[in-house]
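Tertiary structure, described
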Amino acid sequence: MSGENCFEILDKIFIPKHKKNINDIKGYTIKYGNIVENGNIIDEVLVSYFKAPKSYTTENMCEINSHGGNIIVKKILEMCLENGANLAEPGEFTKRAFLNGRIDLLQAESVIDVINAKSEREAKTGIKQLEGYLSKEISNIKQEIMDVMVNIEVSIDYPEYDVDDVTNSQISDMLESVQKKLEKLEKSFDNGKIIKEGIKTVIVGRPNAGKSSLLNAILKEDRAIVTQYEGTTRDTIEEFVTVNGIPLKLVDTAGIRNAEDEVEKIGIEKSREEIKNADLVIAIFDASEDLTKEDIEILELIKGKKTIIVLNKNDLEQKVDEKNEKLKEISNSIIKISALNKTGIEDIYNEISKLFDLNEINLDQEIVITNVRQKNLINKAIENVKKAKETLKEKMPLDIIAIFIKDILEDLGSITGEIVTDDIIDEIFSKFCLGK
Ligand code: GDP
């Protein structure tokens, strides 16, 4: 329970072993006792006390730890409600923490990210955001924009000083710097998305090219952390793997594993669909044989996709190499491996890192945009920076530029929640589960 009256309500249903006046109980303490109704003991519980403002919501709070199970928990909840508490809405605790100013909107959103994290890295990013790294970056950018504003206002107020050209170039430099920072944040969204969802990867190749051998080599990698998910269609399995720090979502691993006689069944249509939805295609070929008709068909299928071509079986005599025109047409990333001997696999990871611009610094970077709301606002701010720059170039009056500058401040304010409508707040917190 959170709120001004929560200790009063608690007092009506909880009898601590050594009863003390609530004013004498310190925050951050736990009391042992019974939940009692009409003299009957309902359960033996522990109650934690948090006194305002030192609590999650900054309000008085208490947490009743009862025995688990549906009946008791429901009963205690009912008793709280009967004695004056209201049922919390989804995310209401975090919402109060936000409305009471303990955390900003970015931090509130990161609570959902932490709860829903599927990988350690995702959780780590969420925690960083909860700690306020992103908020700090936004506030730094805001400070820079304020400096621009000050510069403009001085010029508006003292038109007798003929500083126009100097001011113009100063303001232009400042806007340039802000734009760079915002664009970096915008780009971090792609990384954020990769961290959240993994790079959706499809391994394609004709039968016997070595798909399942490669898949096994990837999944059995020492440092691979594998989580299996049921795919979007019933007969597929998606596997979330983090290898060498690269989060991959491997699609249709079941199809590959059972490939022996399923190839026909899997069919070209389905592959087409999977390839279409993939972020990355790993196309594997048996380099100990000339390209077959099927290989060529596959090359047709993956045209235009981000592709790594893997020439497998390089332990055998090679019939195809990276100079092959048909392969070069599709991709510059051509890697030779032996899935059997597990050589060259590392080169594939390095190539993925290169293709997606993922280095440890990018992935471990503290500041990552993780949701579309944040990204849209960053985009809007960038647009307004561009407009301000244009206005400046056209030598329009400074007070017109000031309008765009104010818009940028507003966009940034909406990200952290300083300026935000109730609708948006409601929408954000409706994504929470109850009790958070
Ligand atoms: P898939 O049908 O594409 O999944 O191919 P598999 O992974 O099942 O491999 C087909 C056959 O090629 C198997 O007998 C593998 O042992 C063999 N194979 C796979 N990779 C290599 C390799 O790098 N070198 C050699 N010599 N044989 C391989």
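Here the structure is shown first, and the text comes after it.
Positions within a chain are numbered from 1, following the residues in the order the chain's sequence is written. Whole-chain, interface and lining totals are the exception, using all residues; otherwise, since this is a predicted model, local features are given only for residues with pLDDT of at least 70 and side-chain atom pairs are given and counted only at 80 or more. Side-chain numbers here rest on the full set of heavy atoms in the structure, without hydrogens or water.

1. Some remarks on the sheet that holds strand β3 (residues 40–50)
- DSSP calls a pair of strands paired once it identifies at least 2 bridges connecting them. Numbering goes from the N terminus for both helices and strands, where a helix is a DSSP run of H or I of at least four residues and a strand is a run of E of at least two. Taken together, the 4 strands give an open sheet; going across it, the order is β1-β2-β3-β4, and neighbouring strands pair in antiparallel fashion. A strand with exactly one partner marks an edge of an open sheet, and here the two such strands are β1 (14–16) and β4 (61–65). In this sheet, neighbouring strand axes are inclined to one another by 40° on average, regardless of whether the strands run parallel or antiparallel.
- Both strand β2 (residues 29–37) and β3 contribute to a ladder of 9 bridges, which runs antiparallel. Of the residues in β3, the one forming a bridge with Gly33 is Val45.
- Its contacts with the sheet place helix α1 (residues 6–13) against β1, β2, β3 and β4, and it is angled at close to 30° to β4. Between N-to-C directions, angles span 0 to 180 degrees; the directions come from axes that are lines fitted to C-alpha atoms, helices contributing only their stretch in contact. Note on contacts: a residue pair is in contact if any heavy atoms of the two residues lie within 4.5 Å.

2. Some remarks on the site of the ligand
- Taken together, 15 residues lie near the ligand, and Asn208, Lys211, Ser212, Ser213 and Asp315 sit nearest.
- A 3.5 Å cut-off defines polar contacts: any pair of N or O atoms within that distance qualifies, except that in protein one atom must be a possible hydrogen donor and the other a possible acceptor, and neighbouring residues in sequence count only when both atoms are side-chain atoms. Between an oxygen atom of the ligand and a main-chain N or O atom of Ser212, the distance comes to 2.8 Å.
- Between a nitrogen atom of the ligand and a side-chain N or O atom of Asp315, the distance comes to 2.8 Å.
- The Shrake-Rupley method, run with a 1.4 Å probe, gives the accessible areas here. Residue values count only the displayed protein chains as cover. Calculation on the ligand without its partners gives an accessible area of 580 Å², and the protein chains cover 77% of this total.
- In terms of residue count, the dominant contributor to the shell around the ligand is helix α8 (residues 211–219) (3 residues). In these notes, residues near a molecule or strand are those with any non-hydrogen atom within 4 Å of it.

3. Some remarks on the pattern of salt bridges
- The salt bridge definition used is simple: a Lys or Arg side-chain nitrogen within 4 Å of an Asp or Glu carboxyl oxygen. As enumerated under the stated definition, the model contains 21 salt bridges in all.
- For the salt bridge of Arg96 with Glu92, the shortest nitrogen-to-oxygen distance reads 3.1 Å. One end of the pair is Arg96 and the other is Glu92, both in helix α3 (residues 92–99) and 4 residues apart, which spans about a single turn.
- Judged by its relative accessible area of 27%, Arg96 falls in the partly exposed class.
- Among the ionic pairs, Lys389 bridges to Glu176, the shortest N-O distance being 3.2 Å. With Lys389 in helix α15 (residues 372–393) and Glu176 in helix α7 (residues 164–197), this pair connects stretches of sequence that are 213 residues apart.
- Each of Glu59, Glu92 and Arg96 takes part in one network of salt bridges that share partners. Exposure classes here rest on a 1.4 Å probe applied to the protein chains alone. A residue is buried below 20% of its type maximum, exposed above 50%, and partly exposed in between.

4. Some thoughts on the side chain of Asn168
- Note on placement: Asn168 falls in helix α7.
- For Asn168, a relative accessible area of 15% puts it in the buried group.
- Apart from the residues lying within four places of it in its own chain, the contact partners of Asn168 are Leu392, Lys395 and Leu398.

5. Brief notes about the environment of Asn384
- Tracing the backbone through its elements, the reader meets Asn384 in helix α15.
- Asn384 sits in the buried class, given a relative accessible area of 7%.
- Distance in space between the C-alpha atoms of Asn384 and Phe404 is 5.7 Å, their sequence separation being 20 residues.
- With near-sequence residues (within four places) excluded, Asn384 lies in contact with Phe404, Asp407, Ile408 and Asp411.

6. Overview of the state of the cysteines
- Note on terminology: pairs of cysteine sulfur atoms within 2.5 Å are recorded as disulfides. In total, this model carries 0 disulfides according to the counting rule given.
- The structure places no disulfide on Cys6, whose sulfur is separated from the nearest cysteine sulfur, that of Cys62, by 4.2 Å.
- For Cys6, a relative accessible area of 3% corresponds to the buried category.
- The thiol sulfur of Cys80 is not disulfide-bonded, and the nearest other cysteine sulfur, from Cys62, lies at 7.3 Å.
- For Cys80, a relative accessible area of 7% translates into the label buried.

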